[in-house]
Amino acid sequence: MTAVGTVYLVGSGPGDPDLMTVKAARLLETADVVLHDKLPGPEILERIPEEKREDVGKRAGGEWTPQEYTNKRLVELAREGKTVVRLKGGDPFVFGRGGEEMEHLAAEGIPFEVVPGITSAIGGPGTAGIPVTHRDHASSVSFVTGHEDPTKEESAVNWEALAATGGTLVVLMGVGKLPDYTAALRDAGMDPETPVALVERATWPEMRVATGTLETIVGVRDEAEIEPPAVTVVGEVAATRERVVEFLRNRTGELDSPDAAATPEGEGGDE
């Protein structure tokens, strides 16, 4: 009988190959099969031989691989004796459905290992010069999804409570729903002048940043044509970028480029 293989639930980080863990990079070299999401950066995916890659990604409004298929495929491959990497952007357990896959593997008797990655919720803003916590501005940070399971009868995210919590709010997968939750935060009493930043494709070669306020950020998004994947940062820390960007070097060692779009004159945001 063929020995059962092992499944590795691997976080690839926000996209820059240099930000992968040493273990993640080694597993990509030695795996028999890599089942990957849409979010690992293109430079990471290009390092994986095409014959070893299987795209099982999900993208709102686009291609969609059912989770049930992915769960089943992981078990099938492992039972063939293969070493399988389930490659995810960021960290497997930060809105990456790694928890669901781990439980399914355990229920099917499949050995697995979790390899954490740098979550884009922290690494994305950090790369753009935005700390999610700051002693002068934010002593707490909340991470929420902007794209919940569409089968839920009602949202599990309490925007009213988040508005009252203070600190920093980081929204993942929230580009499309930006008008909804910025309005919800304002309705809940959050100051419309609260700084907001959108970090698109953080650490990727095409990385862009757009900044504004809770009142203006939807217009900034539209003007800059910001698209997923992007991280939204709401809170005073988002204004930190304005004070450091002149000296911020990007991954190529060059000074960071200007933001993707200027906020309309007189409405705050980056100059």
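Now for a description of the structure that goes with this document. (Residues numbered from 1 in each chain as written. Predicted model: local features only at pLDDT ≥ 70, side-chain atom pairs only at ≥ 80, totals over all residues. Heavy atoms only, no water.)

Let's shift gears to the pattern of salt bridges. By the definition in use, this model includes 14 salt bridges. For Arg86, the salt bridge goes to Asp37, with nearest N and O atoms at 2.8 Å. On the criterion of sequence distance, the pair formed by Arg86 in strand E4 (residues 84–88) and Asp37 in the loop between strand E2 (33–36) and helix H2 (42–45) is long-range, its members being 49 residues apart. Across this residue pair, the class does not change: Arg86 and Asp37 are buried. Note that Asp222 and Arg221 form a salt bridge whose closest N and O atoms lie 2.8 Å from each other. According to the relative accessible area criterion, Asp222 is partly exposed, its value standing at 45%. Each of the salt bridges in this network shares a partner with another, and the network as a whole consists of Asp37, Arg86, Lys88 and Glu101. (Salt bridge = Lys/Arg side-chain N within 4 Å of Asp/Glu carboxyl O. Helix = DSSP H or I, 4+ residues; strand = E, 2+ residues; numbered from the N terminus. Buried < 20%, exposed > 50% of the residue type's maximum accessible area, 1.4 Å probe, protein only.)

Burial of E2 is two-sided: the residues Val33 and Leu35 facing one way and the residues Val34 and His36 facing the other way are all buried. Bridge analysis of E2 against E4 gives four bridges, and the strand direction is parallel. Looking at the pairing, His36 lines up with Leu87 of E4. Of the strand pairs in this sheet, E2 and strand E3 (residues 53–55) are connected by three bridges, and their pairing is parallel. Note that in E3 the partner of Val34 across the bridge is Arg53. (Pairing = 2+ DSSP bridges.)

What the rule picks out here adds up to one aromatic pair. With a centroid separation of 5.1 Å and 10° between ring planes, the pair formed by Trp159 and Tyr181 is classed as stacked. Of this pair, Trp159 sits in helix H6 (residues 159–165) while Tyr181 sits in helix H7 (residues 178–187), and the two are 22 residues apart along the sequence. Grouping residues by exposure puts Trp159 and Tyr181 together as buried. (Phe/Tyr/Trp six-rings, centres within 6.5 Å; stacked < 30°, edge-to-face > 60°.)

What follows is about the sheet that holds E3. Spatially, the five strands line up as an open sheet ordered E3-E2-E4-E1-E5, and their pairing is parallel. Of all strands in the sheet, those with a lone pairing partner are E3 and strand E5 (112–115), marking the two edges. Taking the axes of each pair of neighbouring strands and ignoring which way they run, one obtains an average angle of 20° across the sheet. In the sheet, strand E1 (residues 7–11) pairs with E5 via four bridges, with the strands oriented parallel. From the neighbouring strand, Tyr8 faces E5, where its bridge partner is Glu113. (Axes fitted to C-alpha atoms, helices over the stretch in contact; angles between N-to-C directions.)

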